[in-house]
Amino acid sequence: MSTATLIEPPAFEPPVVRLSGVTKEYPGGVAALRGVDLTVERGELLAIVGPSGSGKSTLLHIVGTLDLPTAGSVTIAGHDAAALSDRRLSALRAQHIGFVFQAFHLVPGMSAQDNVAEGLLYSGLPRAERRKRAARALERVGLGDRMKHRPHELSGGQKQRVAIARAVVGEPDLLLADEPTGALDSASGEAVMELIHELNQEGATIAVITHDTEIAARLPRQVRIRDGRVVEDSGPRGPLGSGRGAPGAAEGCGPETAPLPGEVR
Amino acid sequence: MSGRPVLRPARLGPRDILHTGASGMRSRPMRVVLSALGIAIGIATMIAVVGISASSKEQLLRELDKLGTNMLVVTPGTDLLTGKSVPMPKDAAGRVARITGVQHVGATGSVPATVRRSEKIPDTITGGIQVQAATDELLTTLRGTMRTGTFLNSATGKYPSVVLGDVAAGRLGITSPGQRVFIGGQYFTVLGILDPLPLAPDIARSALVGWDVATGRLGFDGRPTAVYERSADASVDRVHDLIPRTVSPRTPRDVGVSDPSAGLQAKAATEGAFSSLLLGLGGVALLVGGVGVANTMIISVLERRYEIGLRRSIGATRGQIRGQFVTESLLLSGLGGAAGIVLGGAATAVYAVSSGIPWVIPAWAVAGGFGATLAIGTVAGLYPAVRASRLSPTLALHSA
Ligand SMILES: Nc1ncnc2c1ncn2[C@@H]1O[C@H](COP(=O)(O)OP(=O)(O)OP(=O)(O)O)[C@@H](O)[C@H]1O
Ligand SMILES: [Mg+2]
């Protein structure tokens, strides 16, 4: 980590996400993740796909430092999550990670602009600056004319775009989206995915959980999960071009690299 | 740039803390009102209890201020051996008047006669009204006022004319000057009726006649039974010491000197002591209000699990979540406290206006009441806030 901070060339820049041997067992003996290795380089756009209950959301919790693994190591933007206190993890999320949820989670009764500005509340920026950046982010997602609208005055697709604006307003190193189109009709979902592609082209590193195979197929990289294991990883195709085969991608799961039956809806 | 070595959560400014604390209240105004109500009632009760007693005390103090505490009454003492009252000399008032520092002297003396509405009423029915001789300066010395008519003066005091105390006038059925009453075998014309005299309450039940008329026509022995004296504030103590020797140089111990304002002062002190029972009732209401706020807060935390998860995912620390809910609790109870102070003040005002006394709310009661609400808000909010801060941040990712 110290070398990475001293030397700037991109080759030595740490990956945005590095998981190795991550296992998550819930009390009661449910193992939601069993030894996941995953590396995400800066500028990547990847889909995390898998059948229901396979551990996708659990993986996202751990990558987003909302939860800690029972075993294995998690390094986000060069910070070892296990070594950080809850306070520092909060700061890590405030500075480096943005979340988009299937259910939007906009604060009711608050204007779109204020909802987006809320994404910067814990960043230490003064209020006026937060609102200014929120306005810019809303314009970026194409809702410059809906600043004063409150959530109940927006369509589902618009709400999700407000939520995306809230997630990116702090310019995080990593944007995590759990089924961002899950609650939307196909047209709105399409628009949201287009926005995600655009944000990635502008440099954002984004991981999207999705059930939709079509959506997943259009993303540069797919990570398939099944029973808590990564069963297929099309590998990073980021600016580094390190090609396929992330370490341990299909380990112990040989026969299942073919199209997955459980993945259809 | 990615491996920034320091990760330190940013501090929220006071305005942002207030903003997060108020975020839950905006969407549910009715609940805010209802949960603040209990505290409002408690504080209102306490403020009203303290306010009403403070107002009553203020009223007495103002009265005392008007009447002054610089008046002394000289009365016949009792002989230590015989236990009998020792009459004062006829010139007692004149002697007191010669003491340096004495400004006004008035006297009354008991007249052995009865007063009746007319001669047709038997003289055994006195109605408890005393006939007393009075000097001209009595009213000035007592700082008394006339309800109607005029007081005795050097001219009218020589003729059969009378001034009635307010109780005496009521018992005799006299309402205006010019009417006549029957005293000691002849009719006296009523000159006026007195207002109540807080410093000499027995005069209210008296019929006052001039000194000369009393001695000349009613068999009065000319010995005063009470001499009222007013001096400069600074010389009250000295005058107090000099009076017995001046009035009765040989037996100074047979002279009684008292300060009638002392009783009023004691009364003011007891008025200021409020009913602890009512205050306790207010305390119970306050406690119930606090429980109501705690209950509201627990529900608020349950309802807003997703918002809490969201805030944690945005970067709120546990401490900041705790702060948000303690702030909300403080706002709720503070609102109730402020409303209670206004309500209690209004109740006191209504009481004060309806009983014609000044309106006083002690600052310490307001500060204490508000302090109590803040303490209650903190206690009521602490447990829900701790619960909120311990909720798993992954909650936000579950679909609602
Ligand atoms: N808090 C929890 N306690 C116990 N078990 C849990 C908990 N959360 C998830 N699990 C279990 O962990 C496994 C993985 O759950 P997860 O939510 O990660 O699945 P998912 O891939 O996101 O599924 P879906 O596509 O339906 O959202 C499931 O078997 C689930 O029952
Ligand atoms: Mg899920």
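Cut-offs applied
- Sequence order as written defines residue numbering, which begins from 1 separately in each chain.
- Here every chain gets a letter starting at A, and every ligand a number starting at 1, in the order they are written.
- Local features in this predicted model are restricted to residues of pLDDT 70 or higher, and side-chain atom pairs are both shown and tallied only at a pLDDT of 80 or more, whereas totals for entire chains, interfaces and linings draw on every residue.
- In computing side-chain values, all of the structure's heavy atoms are included and hydrogens and water are not.
- By definition, any uninterrupted DSSP run of H or I lasting at least four residues is a helix, any uninterrupted run of E lasting at least two residues is a strand, and each is numbered from the N terminus.
- Here's how the labels work: a residue is buried when its accessible area is under 20% of the maximum for its type, exposed when over 50%, partly exposed in between, all with a 1.4 Å probe on protein chains only.
- Throughout, a residue-residue contact means that at least one pair of heavy atoms, one from each residue, lies within 4.5 Å.
- Here, Shrake-Rupley sampling with a 1.4 Å probe gives the accessible areas, and only protein chains in the shown set may cover a residue.
- Two things to know: the radius of gyration comes from C-alpha atoms, and the globule rule equals 2.2 Å times the number of residues to the power 0.38.
- Positive charges come from Lys and Arg alone, negative charges from Asp and Glu alone, with His and the N- and C-terminal ends not counted.
- To locate a charge, take NZ of a lysine, CZ of an arginine, CG of an aspartate or CD of a glutamate.
- Aromatic rings from Phe, Tyr and Trp, taking only the six-membered ring of Trp, are treated as a pair when their centres fall within 6.5 Å; an angle between ring planes under 30 degrees marks them as stacked, one over 60 as edge-to-face, and anything in between as tilted.
- In this analysis the charged atom, NZ for Lys or CZ for Arg, is taken to sit over a ring once it is within 6 Å of the ring centre and within 35 degrees of the ring normal.
- Throughout, nonpolar core names a set of buried Ala, Val, Leu, Ile, Met, Phe, Trp, Tyr and Cys residues whose side chains join them through atoms within 4.5 Å.
- Domain ranges listed in this record stem from an automatic or a database domain assignment.
- The term buried area means the drop in 1.4 Å probe accessible area that two parts suffer when joined, counted for both and summed.
- What makes a salt bridge here is a side-chain nitrogen of Lys or Arg within 4 Å of a carboxyl oxygen of Asp or Glu, nothing more.
- Any N or O atom pair separated by 3.5 Å or less is treated as a polar contact, with the protein-specific requirement of one donor-capable and one acceptor-capable atom, and with residues adjacent in sequence counted only for side-chain atom pairs.
- Put simply, Ala, Val, Leu, Ile, Met, Phe, Trp, Tyr, Cys and Pro go in the nonpolar bin, Asp, Glu, Lys and Arg in the charged bin, and everything else, Gly too, in the polar bin.
- Pairing between two strands requires that DSSP report at least two bridges joining them.
- Axis definition: a line fitted to C-alpha atoms, limited for helices to the stretch in contact. Angles are taken between N-to-C directions and run from 0 to 180 degrees.

On to the overall build of chain A, then. Scanning chain A from N- to C-terminus turns up eight helices and ten strands. Within chain A, the fraction of its 265 residues that count as buried is 54%. For chain A, long-range pairs separated by at least 24 residues make up 67% of all intrachain contacts whose partners lie at least 6 apart in sequence. Accessible area for chain A stands at about 11,100 Å²; split by element, carbon and sulfur atoms hold 51% of it.

The helix and strand tally for chain B stands at twelve helices and eleven strands. For chain B, the C-alpha radius of gyration of 35 Å lies well beyond 21 Å, the compact-globule estimate for 400 residues. By its C-alpha atoms, chain B is 115 × 45 × 35 Å across when sized along the principal axes. Taking all 400 residues of chain B together, the buried fraction comes to 47%. Nonlocal contacts in chain B, meaning residues at least 24 apart in sequence, comprise 81% of its contacts between residues at least 6 apart. As displayed, chain B has an accessible area near 18,600 Å², and 61% of this comes from carbon and sulfur atoms. Chain B carries 39 positive and 25 negative side-chain charges, and their two centres are separated by 14 Å.

Residue and element names in this part refer to chain B. Per the counting criterion, the structure on display carries three aromatic pairs over all chains. Positioned above the aromatic ring of Tyr187 is the side chain of Arg180, whose terminal nitrogen or guanidinium carbon lies 4.6 Å from the ring centre. The ring of Tyr306 carries the charged tip of Arg305 above its face, separated from the ring centre by 5.5 Å.

Taken as a class, soluble globular proteins show a tendency for nonpolar side chains to be buried jointly. Core analysis: the largest hydrophobic core is formed by 64 residues, its most contacted members being Leu19 and Leu59 of chain A. Ala92, Leu164, Phe188 and Ile243 of chain B belong to the second-largest nonpolar core, a separate cluster that totals 41 residues.

Residues and elements named next belong to chain B. As far as domains go, chain B holds domain 1 (14-64 + 272-397) and domain 2 (69-269). Averaged C-alpha coordinates put domain 1 and domain 2 at centres separated by 57 Å. On the domain 2 side, the residues contacting the seven residues of domain 1 number eight residues. Taken together, both faces of the contact between domain 1 and domain 2 bury some 590 Å²; the carbon and sulfur share is 70%. Taken together, the links from domain 1 to domain 2 amount to zero salt bridges. Between the two partners, domain 1 and domain 2, sit zero residue pairs in polar contact (both at pLDDT 80 or more).

A word on the interface of chain A and chain B. Counting residues at the interface gives 40 residues for chain A, matched by 35 residues for chain B. Where chain A abuts chain B, roughly 3,500 Å² becomes buried across the two surfaces, and 59% of that area is made up of carbon and sulfur atoms. Across the contact surface, chain A and chain B share four salt bridges. For the salt bridge of Arg311 of chain B with Glu118 of chain A, the shortest nitrogen-to-oxygen distance reads 2.8 Å. Joining chain A to chain B, the criterion identifies nine residue pairs in polar contact (both at pLDDT 80 or more). Sorting the residues of the side of chain A that touches chain B by element identifies helix H2 (56-63), helix H3 (86-96) and helix H5 (127-140) of chain A as the ones contributing at least two each. Top contributing element to the side of chain A that touches chain B by residue count: H3 of chain A, with ten residues. In terms of residue class, the side of chain A that touches chain B is built from 16 nonpolar, eleven polar and 13 charged.

Sheet strands line up and pair through hydrogen bonds in the backbone, either parallel or antiparallel. Residues and elements named next belong to chain A. Judged by pairing direction, the sheet is antiparallel, and its four strands sit side by side in the order E2-E1-E4-E5 without closing on themselves. Lying at the two open borders of the sheet, with one neighbouring strand each, are strand E2 (30-40) and strand E5 (79-80). Sheet topology note: the strand E1 (residues 17-26)/E2 ladder contains seven bridges and is antiparallel. When the sheet's bridge partners are listed, Lys24 is paired in E2 with Leu33. Sitting on the sheet, H2 touches E1, E2 and strand E4 (71-76), and the angle it makes with E1 is about 125°.

All names here are of chain A. At Glu171, a position not held by glycine, the phi torsion is positive, near 45°. Residue placement: Glu171 occurs in the loop between helix H6 (156-168) and strand E7 (174-178). The phi angle at Glu179 is positive, at roughly 50°, despite the residue not being glycine. Locating Glu179 in the fold gives a position in the loop between E7 and helix H7 (186-201). Its relative accessible area of 12% is what places Glu179 among the buried residues.

A few words now on the environment of Asp80 of chain A. All names here are of chain A. Its location among the elements puts Asp80 in strand E5. A sequence separation of 62 residues divides Asp80 from Arg18, and the C-alpha atoms of the two residues are 9.4 Å apart. Asp80 has contacts with Val74 and Thr75, leaving out every residue within four places of it along the chain.

Attention now goes to the sheet that holds strand E8 (residues 206-209) of chain A. Residues and elements named next belong to chain A. Across the sheet, six strands lie side by side as E6-E7-E8-E3-E9-E10; this open sheet has mixed pairing. Among the strands making up the open sheet, the edge pair consists of strand E6 (97-100) and strand E10 (229-233). Direction aside, neighbouring strands of the sheet carry axes that sit 20° apart on average. By the bridge criterion, four bridges tie strand E3 (residues 45-49) to E8 in an arrangement that is parallel. Directly across from Ala47, in E8, lies its bridge partner Val208. H2 rests against E3, E6, E7, E8 and strand E9 (221-226) of the sheet, and its axis sits at about 155° to E7.

Residue and element names in this part refer to chain A. Inspection of the secondary structure assignment puts Thr65 in the loop between H2 and E4. On the basis of relative accessibility, which here comes to 2%, the residue Thr65 falls in the buried class. When neighbours within four sequence positions are excluded, Thr65 is seen to be in contact with Ile76, Ala81, Leu89, Leu92, Arg93 and Ile97.

Attention shifts here to the environment of Gly292 of chain B. As for its position among the elements, Gly292 of chain B is in helix H9 (residues 276-303). In this structure the C-alpha to C-alpha distance between Gly292 of chain B and Phe220 of chain B, which are 72 residues apart in sequence, comes to 74 Å.

So, on to the pattern of salt bridges. Residue and element names in this part refer to chain A. Considering all chains together, one arrives at 25 salt bridges over all chains under this definition. Across the salt bridge formed by Arg221 and Asp233, the nearest N and O atoms sit 2.8 Å from each other. A residue pair is termed long-range when its members are at least 10 positions apart, and Arg221 in strand E9 and Asp233 in strand E10 qualify at twelve residues. Residue class for Arg221 comes out buried when judged on its relative accessible area of 1%. Look at Asp233 and you get buried, because its relative accessible area is 6%.

The next point concerns the side chain of Ser329 of chain B. Residue and element names in this part refer to chain B. On the secondary structure map, Ser329 appears in helix H11 (residues 318-354). Engagement of the side chain of Ser329 in a polar contact is seen with the backbone oxygen of Gly377, the distance being 2.6 Å. In contact with Ser329, not counting residues within four places along its chain, are Val293, Met297, Gly377, Ala380 and Gly381.

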